[in-house]
Amino acid sequence: MVVRLIAGWRVLGQQGIGIAILMLTVACIPKAGSAPSLATLTPSVQPIPAAPTIMPPSAIVTPTLVPVTWALESELPERYAVPLLTALSQLTTMPAKANGRPLQMARYLESASARLRLVSLATARNPIAERFYAVVVPFATIPDEISLAEVQARWQGAGAGPLYVTEEAAEDLSVVLGQRMAEVVSTDELLARLTSKPGALGIMPFDQLDPRYKVLSVDKVNLLSNQLDPLTYPLAVALAVEGADGEWLASLLRGTIQPVTNRDPHRLTTLIMTGVTAMARGTAEKMEQKGYTYPAEIISATLRAADITHVSNEVPFIKGCVVNNTYMNLILCSDYPYWAALEAIGTDIVGLSGNHVNDFGRDGARESLQFYRDRGIPVYGSGLNVEEACAPLRWEHHGNRFAFLAALAFEPQSAWATETEPGACYFYDNYNRIMTTIQDLNSQVDIVSVELQYLETYDPFPTPQQVEEFRALRAAGADIVTGVQSHVPQAMEPYGIDDPNGPGIIIYGLGNLFFDQMWSWETRTGLIARHTIYQGKLISTEILTTVLEDYAQPRWATPEERAEILRRIFAATPSRS
């Protein structure tokens, strides 16, 4: 809904609200009827004063304050215009709030010394509010980006397919995209419209995203990036105050529009979660030959850029661990210097739910736990006893509160922690404890992330029992459920704001990160999940795709490889029925 300025009055929809600018004149009147003082009744002799200097009228300077004239553009949406007019009315009738300068409404926009209008964020002067809009498609979509030219063509009724926009986007983006012909739909019906029309695009506010949508980069600029330069993103607008007095008036109006932005970088967190890491066997052999950071060299910049980078490390750190690359060796460890590879990718937290954590016995597990503690590296999923192993790891970033839990739902029994011995938190023995912990954490943190080391299969389709048990964790209140056992990429299952537990996602298996399984194309491919959390909610999950080379080093998948990987996991998505 928009409002128009008409001859100095503001007409607001059907409400008929008028704001008149009142000019008040205050005259100073001497007080009458005062009794004369004693001094005025007592005669005295006074010296004759010198004749006063008479200033000509033209030489007397009376200070005056030039009024600030303001105007709102005629088509400003009501959600901006109403609070602005309220604030401007107060500033007009209470000059002290305006630092003494009088304000008055201009008859015409261009004649005003302070003009309030919507403009592209990149060109805004003196912005007082900003809004970012995302181009979206259903989550199970292969393409990752779109050109601004294509978005603009669809906005204007052309292009390669339909475009659906929410009401806020429809009101704001004409200043960027021109005259709109795209259909306006409610946020509630947007996903259904996109799903029913293959190839359709949607545009919605950044802060209303949820994981059921895939956010497309526009002209290769990723709105989800925690390193975004906002001036480079083309679908962002600002409410700006232009003109000679624009900066002055903007300083008084900041905070009038709430929220000031719908994408505050100080409330945004990116969390990267990775799959199987076991720097042993063939991977260890290559690290000894080519350097301890060799596995990380290609992907490190992207992983290190996340605000929180997670690794699921399946094997213990044992000092002096000898490389054993014999076929099917299943007693695995990493030497201390191998941490350099995890440090290179910016590892912040480590899940230790792997079934190899006790491969070198309980003493080996104690040594490995001490390795992490000596270096100040937070871990969870294993501990010196079952209480430690099953305890959540808490984390906070940009006001977003996290809790991470991990458990082992697989053998051998020797890997399970006991009341007095170290190991991983065994899922089935501690099932009720884990479910209660998730439920309790829901009222204490914003994001509960649970990862399971589950039955290992080599299929993108999760088993029926896996689906049931991962969904049970989600139903208990986990926002992110991740399978860290699978050596091949598995299906994903996003949930939206309409779900009883709110937005979230299940990732049944990420595949390998640093491991030597070169024996099939499927084991060479891997997923990295990059989650975006905004103001305490999971709003998006990006799927990064890798391909293992040389038994040790993952690289980014080519576009053709990526499309094949995504089709494989999307086809494996289990039915919701």
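Residues numbered from 1 in each chain as written. Predicted model: local features only at pLDDT ≥ 70, side-chain atom pairs only at ≥ 80, totals over all residues. Heavy atoms only, no water.

J.: Account for the packing of helix α2 (residues 78–93) against helix α7 (residues 246–253), naming residues and giving values.
T.: Two measures define how a pair of helices packs: the angle their axes make with one another and the distance between the axes. Viewed as axis vectors pointing N to C, α2 and α7 meet at an angle of 105°, and their least axial separation amounts to 11 Å. Taken together, the axes of α2 and α7 lie roughly perpendicular to each other. Two secondary-structure elements touch here, α2 through L84, A87, L88 and L91 and α7 through L249, L252 and L253. Class assignment of the residues belonging to the contact of α2 with α7 gives a composition of 7 nonpolar, no polar and no charged. (Axes fitted to C-alpha atoms, helices over the stretch in contact; angles between N-to-C directions. Helix = DSSP H or I, 4+ residues; strand = E, 2+ residues; numbered from the N terminus. Parallel < 35°, antiparallel > 145°, perpendicular 65-115°, else oblique. Contact = heavy atoms within 4.5 Å. Nonpolar A, V, L, I, M, F, W, Y, C, P; charged D, E, K, R; others polar.)

J.: Can you break down the pairing of strand β25 (residues 504–507) residue by residue, with the values?
T.: With burial as the criterion, each face of β25 is covered, one bearing G504 and I506 and the other bearing I505 and I507. Pairing of strand β23 (residues 480–483) with β25, which is carried by 3 bridges, proceeds in the parallel orientation. Paired with I480 across the bridge in β25 is I505. The sheet contact formed by strand β24 (residues 492–495) and β25 spans 4 bridges and is antiparallel. Within β25, the residue paired with P494 across the bridge is I505. (Buried < 20%, exposed > 50% of the residue type's maximum accessible area, 1.4 Å probe, protein only. Pairing = 2+ DSSP bridges.)

J.: Describe the sheet that holds strand β20 (residues 400–408), listing the residues and the values that go with them.
T.: Within the open sheet, the 6 strands sit side by side as β19-β20-β22-β23-β25-β24. Their pairing is mixed. In this open sheet, the two edge strands, each paired with only one partner strand, are β19 (393–397) and β24. The mean inter-strand angle of the sheet, taken between neighbouring strand axes irrespective of direction, is 15°. The sheet contact formed by β20 and strand β22 (residues 447–453) spans 7 bridges and is parallel. When the bridges of β22 are listed, L408 appears paired with Q453.

J.: Talk me through the packing of aromatic side chains; I want residue IDs and the actual numbers.
T.: With the rule as written, the count across this model stands at 19 aromatic pairs. Their ring planes at 80° and their centres at 5.7 Å tell us that F317 and Y372 sit as a pair that is edge-to-face. Of the two residues, F317 sits in the loop between β15 (308–313) and α10 (339–344) while Y372 sits in helix α11 (residues 361–374), which places them 55 residues apart along the sequence. Neither residue differs from the other here; F317 and Y372 are each classed as buried. Pairing F427 with Y428 gives two aromatic rings, centres 5.1 Å apart and planes at 70°, and the pair type is edge-to-face. On the accessibility criterion, F427 (0% relative accessible area) is buried. For Y428, a relative accessible area of 31% gives the class partly exposed. Put simply, the rings of F317, Y336, W339, F371 and Y372 touch in pairs and so form one group of aromatic residues. Seen from the ring of F206, R263 lies directly overhead, with NZ or CZ sitting 5.4 Å from the centre. In this structure, R576 is placed above the aromatic ring of Y495, and the distance from its NZ or CZ to the ring centre is 4.2 Å. (Phe/Tyr/Trp six-rings, centres within 6.5 Å; stacked < 30°, edge-to-face > 60°. Lys NZ or Arg CZ within 6 Å of the ring centre and 35° of its normal.)

J.: Pulling in residues and values, what's your account of a nonpolar patch on the surface?
T.: A contiguous nonpolar patch, built from Y327, M328 and L330 and spanning about 410 Å² of accessible area, is present on the exposed surface. Considering the arrangement of structural elements, one finds L330 in the loop between β15 and α10. You can call L330 partly exposed: its relative accessible area is 46%. (Patch = residues over 30% accessible without salt bridge, like charges linked within 9 Å, V, L, I, M, F, W, Y side chains within 5 Å. Areas by Shrake-Rupley, 256 points an atom, 1.4 Å probe, with all protein chains shown as cover. Salt bridge = Lys/Arg side-chain N within 4 Å of Asp/Glu carboxyl O.)

J.: Before we move on, can you summarise the environment of Q90 with the specific residues and values?
T.: As for its position among the elements, Q90 is in helix α2. Looking at Q90, the relative accessible area reads 37%, which means it is partly exposed. Residues Q90 and L103, 13 residues apart in the sequence, show an inter-C-alpha distance of 10.0 Å.

J.: Please give an account of the nonpolar core that cites residues and values.
T.: A general feature of soluble globular proteins is that nonpolar side chains tend to end up buried together. In this structure, I203 and L249 are the most contacted members of the largest nonpolar core, which totals 70 residues. With 8 residues, strand β6 (residues 127–138) is the largest single contributor of residues to this core. (Core = buried A, V, L, I, M, F, W, Y, C linked by side-chain atoms within 4.5 Å.)

J.: An account of the side chain of S113 is requested, with residue identities and associated values reported.
T.: With respect to the helices and strands, the residue S113 is situated in the loop between β4 (103–105) and β5 (114–120). Taking the relative accessible area as the measure of exposure, S113 reaches 16% and is therefore buried. When sequence neighbours within four positions are dropped, the list of residues in contact with S113 reads V68, T69, E242, G243, A244, D245 and G246.

J.: An account of the pairing of β20 is needed here, citing residue identities and associated values.
T.: Taken across its 9 residues, β20 has 8 buried, putting it largely inside the fold. In this structure, the hairpin formed by β19 and β20 is closed by a connection of 2 residues, where H398 is found at a positive phi of approximately 50°.

J.: So what about the environment of S414? Which residues, and what values?
T.: One can find S414 in the loop between β20 and β21 (423–424). For S414, a relative accessible area of 45% translates into the label partly exposed. The spacing of S414 and R362 is 52 residues in sequence and 8.7 Å in space, taken between C-alpha atoms. Those residues in contact with S414 that sit more than four places away from it in its chain are N358 and R362.

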